[in-house]
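One-letter residues, chain by chain:
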Amino acid sequence: MGRVAVVTGGSRGIGEAISKALKAEGYEVAATYAGNDEKAAAFTEETGIKTYKWNVGDYEESKAGLAQIEADLGPIDVVVANAGITRDAFFHKMTPEQWKEVIDTNLTGVFNTIHPVWGGMRDRGFGRVIVISSINGQKGQAGQVNYAATKAGDLGIVKSLAQEGAAKGITANAICPGYIGTEMVRAIPEKVLNERIIPQIPAGRLGEPEEIARCVVFLASDDAGFINGSTISANGAQFFV
Ligand code: NDP
């Protein structure tokens with residue numbers, strides 16, 4: 001039996017590519033999702049990877065869901081906190097609801113995903129925590145005060161967890177993707193994408209979900225054991241920290 005990996009938001013977009021790549025490496029993978037039952041069923045049918053439905057913004061749901069995965073597959077060795085949303089608006093128009101929804105999913109959701117499995121990782125002396133942050137957490141983005149705040153927060157989470165987990169064999173790292181061709185990005189009007197976003201990417205293209213998945217596979221591996229508290233930027237040279 002391979003190590004057990006959980007990918008939140010693992011049934012579509014970047015998460016789907018991560019789930020598939022980890023399975024191809026021999027991990028026992030569980031993918032979670034929020035509400036798109038149809039996509040999740042098609043994903044399971046295609047990959048054989050079981051899906052679990054809960055809201056990452058809810059601690060009790062997350063704890064129960066992760067416990068179910070451990071009952072089904074065994075102790076969780078690798079957790080990929082990938083689930084995320086956008087609710088974009090310029091700050092003067094941003095509603096408290098838009099702020100809260102994004103904080104609950106992208107920031108509290110990361111706490112809720114890692115906290116229930118952290119104790120077990122400490123007890124067993126091994127763990128890999130990988131958080132999917134964003135280029136916009138590194139550089140900020142007009143219209144995304146809520147989103148950028150959560151993604152910058154993710155970087156604080158992994159740097160702190162790295163210091164707490166290192167002596168227990170646990171690593172915690174973040175990946176900051178640039179613009180990746182998923183539904184989240186394809187939802188941006190094509191004109192904006194072609195005239196304002198792609199010209200800012202020196203690579204001249206969107207990234208592929210598989211390019212992020214390969215970063216996850218590396219960070220999850222034994223070879224990456226001394227990489228802890230780091231951020232991998234995968235953005236086609238759009239931004240350097
Ligand atoms: P998608 O919108 O394609 O997929 C999001 C996934 O997260 C879905 O599986 C969705 O479930 C799940 N999800 C959303 N909200 C919740 C919730 N409350 N509880 C549980 N699951 C939830 O997103 P992407 O693949 O584009 O993005 C994945 C991650 O990568 C996000 O954190 C995003 O911020 C980050 N990112 C993406 C970039 C991009 O260019 N696409 C760039 C930089 C970072 P369901 O299918 O049920 O809706």
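All values derive from a computational prediction rather than experimental measurement.

Remarks on the packing of helix 1 (residues 13–24) against helix 2 (residues 37–47)
Inference 1: Viewed as axis vectors pointing N to C, helix 1 and helix 2 meet at an angle of 20°, and their least axial separation amounts to 12 Å. Comparing the axis directions of helix 1 and helix 2 gives the class roughly parallel. Along this stretch, helix 1 crosses helix 2, giving a crossing that reads as right-handed. Mapping the contact onto sequence places E16, S19, K20 and K23 in helix 1 and K39, F43, E46 and T47 in helix 2.

A closer look at helix 4 (residues 96–124)
Inference 1: Helix length check: helix 4, at 29 residues, gives a terminal C-alpha distance of 41 Å against a target of 42 Å (1.5 Å per residue), a fit within 8%.
Inference 2: The largest bend in helix 4 amounts to roughly 40° and is located at T108.
Inference 3: Among the residues making up helix 4, those that are buried are V102, I103, T105, N106, G109, V110, N112, T113, I114, V117, W118 and M121.
Inference 4: Looking at the buried residues of helix 4, the elements they touch are helix 3 (59–73), strand 4 (78–81), strand 5 (127–132), helix 6 (145–165) and strand 6 (170–177).
Inference 5: A positive backbone phi angle near 75° is found at G125, which sits one or two residues after helix 4.

A few points about the site of the ligand
Inference 1: Lining the immediate environment of the ligand, one finds 29 residues, of which R12, G35, N82, Y147 and T182 sit closest.
Inference 2: Between an oxygen atom of the ligand and a main-chain N or O atom of N36, the distance comes to 2.8 Å.
Inference 3: At 3.5 Å from an oxygen atom of the ligand is found a main-chain nitrogen or oxygen belonging to G178.
Inference 4: When the ligand sits alone it has 900 Å² of accessible area, and the protein chains cover 93% of it.
Inference 5: Contributions of two or more residues to the shell around the ligand are made by helix 1, helix 6 and helix 7 (183–186).
Inference 6: Tallied by class, the residues present in the shell around the ligand amount to 14 nonpolar, 13 polar and two charged.

Focus on the nonpolar core
Inference 1: Core analysis: the biggest nonpolar cluster contains 26 residues, and I69, I76, V79, I114, V129 and V131 have the highest contact counts within it.
Inference 2: Looking at this core, the elements with two or more residues in it are strand 1 (4–7), helix 3, strand 4, helix 4, strand 5, helix 6 and strand 6.
Inference 3: The element that contributes the greatest number of residues to this core is helix 4, accounting for five residues.
Inference 4: Not counting residues up to four positions away in its chain, the partners in contact with I114 are V79, V129, V131, I157 and L161.

Comments concerning the UniProt feature "domain: Ketoreductase" (unreviewed entry) in the protein
Inference 1: Following the UniProt record, one finds the feature "domain: Ketoreductase" (unreviewed entry) at residues 3–178.
Inference 2: For the annotated span residues 3–178, helix accounts for 53% and strand for 18% of the residues, and the straight-line distance between the end C-alpha atoms is 29 Å.

As for the pattern of salt bridges
Inference 1: Within this structure, the stated rule accounts for twelve salt bridges.
Inference 2: Among the salt bridges present, the one from K20 reaches E46, with a minimum N-O distance of 3.0 Å. Of this pair, K20 sits in helix 1 while E46 is found in helix 2, placing the two residues 26 residues apart along the sequence.
Inference 3: Overall, K20 belongs to the partly exposed group, its relative accessible area being 31%.

As for the confidence of the model for the protein
Inference 1: Per-residue confidence for the protein averages 97 on the pLDDT scale, and 100% of its residues sit at or above 70.
Inference 2: Per-element confidence in the protein ranges from a low mean pLDDT of 82 for helix 7 to a high of 99 for strand 4.

Brief notes about the sheet that holds strand 7 (residues 231–234)
Remark on secondary structure: sheet strands pair via backbone hydrogen bonds, oriented parallel or antiparallel.
Inference 1: Read from one edge of the open sheet, seven strands run 3-2-1-4-5-6-7, paired in parallel fashion. Here the strands that pair on one side only, and so sit at the sheet edges, are strand 3 (50–53) and strand 7. Each strand of the sheet is rotated relative to its neighbour by a mean of 20°, with strand direction disregarded.
Inference 2: Relative to strand 3, strand 2 (residues 28–33) is paired through four bridges, and the arrangement is parallel. Across the sheet, residue Y33 finds its bridge partner in strand 3, namely K53.
Inference 3: Here helix 3 sits on the sheet in contact with strand 1, strand 2 and strand 3, set at roughly 155° to strand 2.

Thresholds applied
Residues numbered from 1 in each chain as written. Predicted model: local features only at pLDDT ≥ 70, side-chain atom pairs only at ≥ 80, totals over all residues. Heavy atoms only, no water. Axes fitted to C-alpha atoms, helices over the stretch in contact; angles between N-to-C directions. Helix = DSSP H or I, 4+ residues; strand = E, 2+ residues; numbered from the N terminus. Parallel < 35°, antiparallel > 145°, perpendicular 65-115°, else oblique. Left-handed = near helix turned anticlockwise from the far one by under 90°. Contact = heavy atoms within 4.5 Å. Expected span 1.5 Å × (residues − 1). Bend = angle between axes of the 7 residues up to and from the residue. Buried < 20%, exposed > 50% of the residue type's maximum accessible area, 1.4 Å probe, protein only. Near = heavy atom within 4 Å. Polar contact = N/O pair within 3.5 Å; in protein donor to acceptor, adjacent residues only side chain to side chain. Areas by Shrake-Rupley, 256 points an atom, 1.4 Å probe, with all protein chains shown as cover. Nonpolar A, V, L, I, M, F, W, Y, C, P; charged D, E, K, R; others polar. Core = buried A, V, L, I, M, F, W, Y, C linked by side-chain atoms within 4.5 Å. UniProt positions renumbered as here; feature names shortened; annotations may be inferred. Salt bridge = Lys/Arg side-chain N within 4 Å of Asp/Glu carboxyl O. pLDDT = per-residue confidence, 0-100. Pairing = 2+ DSSP bridges.

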